[in-house]
Amino acid sequence: MKEHTLKKTRVMFGMRPTGDLHIGHLLGVLAQWITSGDQDEAYLEIADLHAFTTGFADPQAIRDARNEMVAVWLAAGVDPAKSTIFLQSAVPEIAELHALLSMIVPVSWLERVPTYKSQIDALGPEIATYGFLGYPLLQLCDIAVVRGQRVPVGRDQVAHLEMGREVVRRFNYLYGDGKEILVEPQAALSDFPEVLGTDGRKMSKSYGNAILISDDEATTEKKVRGMVTDPLKQRRGDPGRPEVCPLFALWKFVDPARLDSVAAGCRTGELGCVQDKAWFAEELNGYLRPVRERLALYRSDMGQVERIVAEGTARTRDVARGVLEDVRRAMRLT
Ligand code: TRP
């Protein structure tokens, strides 16, 4: 028992390389990742196959985004000595596990995952491929090949994890002979609420409302100046409602120490949105400055990024091979 409690928890997380990372990525899951602590064993995946589920028509875009994303991770403070960074498509065990598990997953389980229908509604019927239907299963395979136990995710991903847990239970029931061959992963919900974009909707590059980590300071300032705030606060002197203001929501992440005074000034009307935005832009640029500086360094040495990914991928394959051996043995495929 004692030995068990001392064992490190294995944390696994993936991100699709779909273009420029924005501050929503940095302030949300990435910040949580970086602070997740030394007590964990961490695997961080470039989910390039998942990027193909919606971006299959533009493979070069996925190729270009992949190391750029890792450069941002490193610049944001991900330590490659603590986190194993790996490339999904270079771990063929994931694809193999996906094919094997597909035999036992009812289509109805995949169809009832809410993102399946909502993403087709949002992006159009042409993304409704076989692979897209299997997206949550592929995600489970990412986690399962490294025996991931904890997965830090946003709210929209909880249903994926739940489906994955059902698949694991079914696999262990059918082939486990009373043993736990595959591990049931737990979703660790991020404490951070959704980061809102300049128009007040969820921050997303595809909505055109994102402040990018790679933006320069002048662009950042311009975007902040254009942000929507409380629509009832028209001018300085009008009392505002911080709780409905997307700009105020961002203050929480960037400088929690100033939250109370900004909220008080906004409510009384003493603080106008123009001043608030000017302060915030300065604060945000200050917050991002060291990240942007490190990003420039990594970008000028992409060979180093490549090496980090290659080493992490090799380590991941060592683990994944062992898992696939167990799976094949359980399925009498040896
Ligand atoms: N589906 C995740 C997202 O869109 C990305 C992802 C792929 C992932 N594989 C994963 C997340 C494994 C956690 C674990 O955000």
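Structural notes on the packing of aromatic side chains
Evaluation of the coordinates by the stated rule reveals 5 aromatic pairs. A centroid spacing of 6.4 Å and a plane angle of 70° characterise the contact between Phe132 and Tyr135, whose relative ring orientation is edge-to-face. For the pair Phe132 and Tyr135, one class covers both residues: buried. Among the aromatic residues, ring-to-ring pairing joins Tyr116, Phe132 and Tyr135 into one connected group. Taking the ring centre of Tyr207 as reference, the NZ or CZ of Arg201 above it sits at 4.1 Å. In this structure, Arg258 is placed above the aromatic ring of Trp279, and the distance from its NZ or CZ to the ring centre is 5.2 Å.

A look at the pattern of salt bridges
Applying the stated rule across the entire model yields 20 salt bridges. One salt bridge connects Asp215 with Lys223, and the closest N-O pair in it is separated by 2.7 Å. By relative accessible area, which is 11% here, Asp215 ends up buried. The class for Lys223 is partly exposed, based on a relative accessible area of 26%. Bridged by salt links that share partners, the residues Glu162, Arg165, Arg169 and Glu184 form one connected network.

Remarks on the pairing of strand β2 (residues 40-46)
Where burial is concerned, most of β2 is hidden: 6 out of the 7 residues are buried. Pairing geometry for strand β1 (residues 9-15) and β2, over 7 bridges, is parallel. Counted as the bridge partner of Phe13 is Leu44 from β2. The pairing of β2 with strand β3 (residues 83-87) spans 5 bridges and is classified as parallel. Bridge pairing in β3 places Tyr43 opposite Thr84.

Some remarks on the site of the ligand
With respect to spatial proximity, 13 residues lie near the ligand, and among them Arg16, Tyr135, Gln139, Asp142 and Gln157 are the closest. With respect to the ligand, the side chain of Arg16 contributes an N or O atom lying 3.1 Å from an oxygen atom. In the environment of the ligand, a nitrogen atom lies 3.3 Å from a nitrogen or oxygen atom belonging to the side chain of Gln139. Against a free-state accessible area of 360 Å², the protein chains account for coverage of 91% of the ligand. In terms of residue count, helix α9 (residues 135-144) provides more of the shell around the ligand than any other element does, 4 residues in total. Partitioned by chemical class, the residues of the shell around the ligand number 6 nonpolar, 4 polar and 3 charged.

Topic: the nonpolar core
Of all hydrophobic cores here, the largest spans 53 residues; its most connected members are Ile23, Val70, Trp73, Ile85, Leu250, Phe280 and Leu284. If you tally residues by element for this core, the top one is helix α4 (residues 59-76), at 8 residues. Setting aside chain neighbours within four positions, we find Ile23 in contact with Gly28, Met203, Ile211, Ile213, Leu250, Leu284 and Leu288. By size, the runner-up hydrophobic cluster in this structure holds 42 residues, among which are Ile120, Leu137, Val151 and Met331.

Overview of the environment of Cys141
You can see Cys141 is positioned in helix α9. Residue Cys141 is classed as buried on the basis of its relative accessible area, which comes to 0%. Sequence-wise, Cys141 and Gly164 are 23 residues apart; in three dimensions their C-alpha atoms are separated by 8.4 Å. Apart from residues lying up to four places away in sequence, Cys141 is in contact with Ile94, Leu97, His98 and Leu101.

A few points about unusual backbone geometry
The phi dihedral of Asp177 is positive, around 55°, even though this residue is not glycine. For Asp177, the position within the fold is in the loop between α10 (158-175) and β5 (186-189). The class of Asp177 is exposed, set by a relative accessible area of 66%. The residue Arg332 is not glycine, and still its phi comes out positive at about 55°. When you line up the elements, Arg332 lands in the segment after α15 (302-330).

Thresholds, definitions, all that
- Residues numbered from 1 in each chain as written.
- Predicted model: local features only at pLDDT ≥ 70, side-chain atom pairs only at ≥ 80, totals over all residues.
- Heavy atoms only, no water.
- Phe/Tyr/Trp six-rings, centres within 6.5 Å; stacked < 30°, edge-to-face > 60°.
- Buried < 20%, exposed > 50% of the residue type's maximum accessible area, 1.4 Å probe, protein only.
- Lys NZ or Arg CZ within 6 Å of the ring centre and 35° of its normal.
- Salt bridge = Lys/Arg side-chain N within 4 Å of Asp/Glu carboxyl O.
- Helix = DSSP H or I, 4+ residues; strand = E, 2+ residues; numbered from the N terminus.
- Pairing = 2+ DSSP bridges.
- Near = heavy atom within 4 Å.
- Polar contact = N/O pair within 3.5 Å; in protein donor to acceptor, adjacent residues only side chain to side chain.
- Areas by Shrake-Rupley, 256 points an atom, 1.4 Å probe, with all protein chains shown as cover.
- Nonpolar A, V, L, I, M, F, W, Y, C, P; charged D, E, K, R; others polar.
- Core = buried A, V, L, I, M, F, W, Y, C linked by side-chain atoms within 4.5 Å.
- Contact = heavy atoms within 4.5 Å.

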